[in-house]
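For reference, the chains in residue letters:
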Amino acid sequence: MDQIIFLDYAGVAVFAATGALAASRKELDVIGFLFLAGVTGVGGGTFRDLILDVPVFWVQNHDYLLVCAAIAVAVYFSAHLIESRYRLLLWLDAVGLAAYCVFGAWKGLVVTGSAMVAIVMGMLTATFGGILRDILSGEPSVLLRPEIYVTSAMAGAVTFTVLDIAGLPLLLSAAPAFLVAFAIRGGALRFGWS
Amino acid sequence: MDQIIFLDYAGVAVFAATGALAASRKELDVIGFLFLAGVTGVGGGTFRDLILDVPVFWVQNHDYLLVCAAIAVAVYFSAHLIESRYRLLLWLDAVGLAAYCVFGAWKGLVVTGSAMVAIVMGMLTATFGGILRDILSGEPSVLLRPEIYVTSAMAGAVTFTVLDIAGLPLLLSAAPAFLVAFAIRGGALRFGWS
Amino acid sequence: MDQIIFLDYAGVAVFAATGALAASRKELDVIGFLFLAGVTGVGGGTFRDLILDVPVFWVQNHDYLLVCAAIAVAVYFSAHLIESRYRLLLWLDAVGLAAYCVFGAWKGLVVTGSAMVAIVMGMLTATFGGILRDILSGEPSVLLRPEIYVTSAMAGAVTFTVLDIAGLPLLLSAAPAFLVAFAIRGGALRFGWS
């Protein structure tokens, strides 16, 4: 748990940053930054926990909300310095996707013991924050972009689940799965895979 | 239960097909088909179960996910053969709407014993999968189309609830309710009722 | 509880009215009014209760659904008499926002005892009904309008939480918080603050 919780914070933080960047693109005020950072940062994990019928993670541990708030404020004061906010948003989204598909699969597996539910939870956790961000900020859903998106989340969740069930230690299941997901999504962004 | 569970699978299957058809219209890859089929197939029932505070049905029983996946793959390989994918999507959506408004009302009634909650659950189960599909695929919500939509879900849910409370056997409550909902929605599609 | 429950009914009623006005603007049928009034009226509180892991309020007490239905029918028969339905929608939304950010914060505080969760719950309860309304009716989200929106919900939730934790009686915490939220949002609407 202690080893993989890092992925959870990483996912929340980078998704929160993408929400804040979306707020910046829409020229919202600082509270709009907080709101979109919060919804994007914890949205996917919230649905995951509701569906798994476990306590919602950020109600249990407020640190996640503080992370979102800190990121939102930091982006608010620095976003104007960034050359291409949308490009950065997409790359951070790729990191969050990779972190969250692994963490979601891990939590799904721990709670239900089912590989299939684990994979679905990984995909859902990884994609719903970004979907909420796109809906709320009025952008076309990242889901509909030509580049491979859900595929990379699925690949990461499947990789983790297979390795974990095969009996590998947590880190040796999580690290390759993260890399698989990020490599696929990053390749799609970099080389225009579709 | 055994008699009415058929409606549940039917609703999941045809909604999954409409999700896959939406993916086809958007020219997504096969994982996009899986994703939209899954979200559309189980989305309405997921909200229903969360609100009723019962275990989410597809976490308990993975067959529903397998049904969605099988439908998604089948549509992926056959959608190009279909003359009008949107027309088929609307008709399948009508079947899913009719099946799900009855099953949702039944589950609401079993869990809460309240006719009003049962009717709301029927409407919610029947409409939310399609609403999620339309939001995620960037289509105008089926809710806003001129043809009668929510009305048919409500009519089916009310019919089932009244007949069931009147003491009719499950099948004799469910079948007329399904037909009422499908006839109204089908009439709207066929004759342009609004 | 008895003192503050009034805010809950007020929030549901005015949000339901905004949903019905949105249905009127889209020229939906009466069932469309019922649907949008219901989703907008109870949507924010539904997410709040799911996340807090308490029974969903309108499943426990059907009066809320009856309020939504009555409002929907009343708006259906009177909306054509209203000069500017969108203007009225925005002002009612401001009342609902103020009522719901206070009630949401109160419920969050009662259930979790955490000030931070209370504030987030206030913001979430106050904004999600309107967000759902805008998504379902195909309007640009009220979140993206230039006027201060989430800010007022946050101000109300913070005010209530601070006063309540300071030990003030419920009414003396709730009334100023409501006024703060409404004054900020109303000022934004009236004077174009942004």
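Sequence order as written defines the numbering, with residues in each chain counted from 1. Labels follow written order: the first chain is A, the first ligand is 1, and so on. For this predicted model, a pLDDT threshold of at least 70 governs which residues receive local features, and a threshold of 80 or more governs which side-chain atom pairs are given and counted, while totals over whole chains, interfaces and linings are taken from all residues. Side-chain figures throughout are based on the complete set of non-hydrogen atoms in the structure, without hydrogens or water.

## A look at the overall build of chain A
For the record, the criterion: Only DSSP runs of H or I reaching four residues or more are called helices, and only runs of E reaching two or more are called strands; each is numbered from the N terminus. The globule rule used here is 2.2 Å times the number of residues to the 0.38 power, and the radius of gyration it is set against is calculated over C-alpha atoms. The buried label goes to any residue with under 20% of its type's maximum accessible area, the exposed label to any with over 50%, and the partly exposed label to all in between, with areas taken from a 1.4 Å probe on protein chains only. Note on contacts: a residue pair is in contact if any heavy atoms of the two residues lie within 4.5 Å.
Per the secondary structure count, chain A includes eight helices and zero strands. In chain A, the order of α-helices and β-strands from amino to carboxyl end is α-α-α-α-α-α-α-α. Computed over C-alpha atoms, the radius of gyration of chain A comes to 16 Å, within 12% of the 16 Å expected from 2.2 N^0.38 for 194 residues, which places it in the range of a compact globule. When the 194 residues of chain A are sorted by exposure, 59% land in the buried category. Taking contacts inside chain A between residues at least 6 apart in sequence as the whole, the part at least 24 apart equals 76%.

## Notes on the interface of chain B and chain A
Quick reminder of the rule: We define a salt bridge as a side-chain nitrogen of Lys or Arg found within 4 Å of a carboxyl oxygen belonging to Asp or Glu. Pairing of N or O atoms within 3.5 Å defines a polar contact, subject to two protein rules: one partner must be a possible hydrogen donor and the other a possible acceptor, and residues neighboring in sequence count only if both atoms are side-chain atoms. Under this grouping Gly is polar, as are all residues other than the nonpolar Ala, Val, Leu, Ile, Met, Phe, Trp, Tyr, Cys and Pro and the charged Asp, Glu, Lys and Arg.
In this assembly, 20 residues from chain B lie in contact with 21 residues from chain A. Across the chain B-chain A interface, the total number found is zero salt bridges. The interface formed by chain B and chain A includes two residue pairs in polar contact (both at pLDDT 80 or more). Taken together, the residues of the side of chain B that touches chain A break down into 14 nonpolar, four polar and two charged.

## So, the side chain of A:Thr125
Residues and elements named next belong to chain A. Looking at where Thr125 falls in the secondary structure, it is placed in helix H6 (residues 115-136). A distance of 2.6 Å separates a polar atom in the side chain of Thr125 from the backbone oxygen of Met121. Residues within four places of Thr125 in sequence aside, it is in contact with Gly44, Gly45, Arg48, Tyr100 and Gly104.

## So, the packing of aromatic side chains
Defined as follows: Stacked, edge-to-face and tilted are the three classes for Phe, Tyr and Trp ring pairs, Trp counted by its six-membered ring, which pair at centre distances within 6.5 Å; planes under 30 degrees apart are stacked, over 60 edge-to-face, the rest tilted. Counted as over-ring charges are cases with an Arg CZ or a Lys NZ within 6 Å of the ring centre that also lie within 35 degrees of the ring normal.
A full pass over the atoms with the stated rule returns 33 aromatic pairs over all chains. A centroid spacing of 5.3 Å and a plane angle of 40 degrees characterise the contact between B:Phe103 and B:Trp106, whose relative ring orientation is tilted. Taken as a pair, B:Phe103 and B:Trp106 lie in helix H5 (residues 85-112) at a separation of three residues, close to a single helical turn. No difference in accessibility class separates B:Phe103 from B:Trp106, as the two residues are buried. Counting every residue linked through ring pairs, the aromatic cluster contains A:Phe35, A:Phe47, A:Phe128, B:Phe35, B:Phe47, B:Phe128, C:Phe35, C:Phe47 and C:Phe128. Stacked on the ring of A:Phe57, the Lys or Arg A:Arg48 has its end atom at 5.3 Å from the ring centre.

## Observations concerning the interface of chain C and chain A
Rule in force here: When two components associate, each loses some accessible surface as probed by a 1.4 Å sphere; the sum of these losses over both components is called the buried area.
Opposite the 21 residues of chain C that make contact, chain A presents 20 residues. Of the roughly 1,800 Å² buried between chain C and chain A on both sides combined, carbon and sulfur atoms contribute 86%. Looking only at chain C, the three residues that lose the most surface to chain A are C:Ile51, C:Met116 and C:Leu144, adding up to 30% of its buried area. For the pair chain C and chain A, the number of links is zero salt bridges. Scanning the region where chain C abuts chain A turns up two residue pairs in polar contact (both at pLDDT 80 or more). Those elements that place two or more of their residues in the side of chain C that touches chain A are helix H2 (30-52), helix H6 (115-136) and helix H7 (150-165) of chain C.

## Some remarks on the relation of the copies chain C and chain A
To be explicit about the condition: The copies were overlaid by least squares, fitting only the C-alpha atoms of residues that reach a pLDDT of 70 or more in each copy.
Structural alignment of chain C on chain A gives an RMSD of 0.0 Å, achieved by rotating through 120 degrees and translating 0.0 Å along the axis. With respect to symmetry, the two chain copies, as superposed, fit the operation of a three-fold axis. Measuring from the rotation axis to each C-alpha of chain C, the shortest distance belongs to C:Leu50, at 4.2 Å. Mapped onto chain A, only 14% of the interface residues of chain C are again interface residues, and the two copies thus contact each other with different surfaces.

## Here's the deal with the nonpolar core
Worth spelling out the cut-off: Among buried residues, those of type Ala, Val, Leu, Ile, Met, Phe, Trp, Tyr and Cys that are joined through side-chain atoms within 4.5 Å constitute a nonpolar core.
Counting 209 residues, the largest nonpolar core has A:Trp58, A:Phe160, B:Trp58, B:Phe160, C:Trp58 and C:Phe160 as the members making the most contacts within it. At 14 residues, the largest contribution of residues to this core is made by helix H5 (residues 85-112) of chain C. Once residues within four sequence positions are removed from consideration, C:Phe160 is found in contact with C:Ile4, C:Val102, C:Ala105, C:Trp106, C:Leu109, C:Leu170, C:Ser173, C:Ala174 and C:Ala177.

## As for the relation of the copies chain B and chain A
Of the transformation placing chain B onto chain A, the axial shift is 0.0 Å and the rotation is 120 degrees, giving an RMSD of 0.0 Å. Residue by residue, only 15% of the interface of chain B is reproduced at the interface of chain A, so the copies engage with different surfaces.

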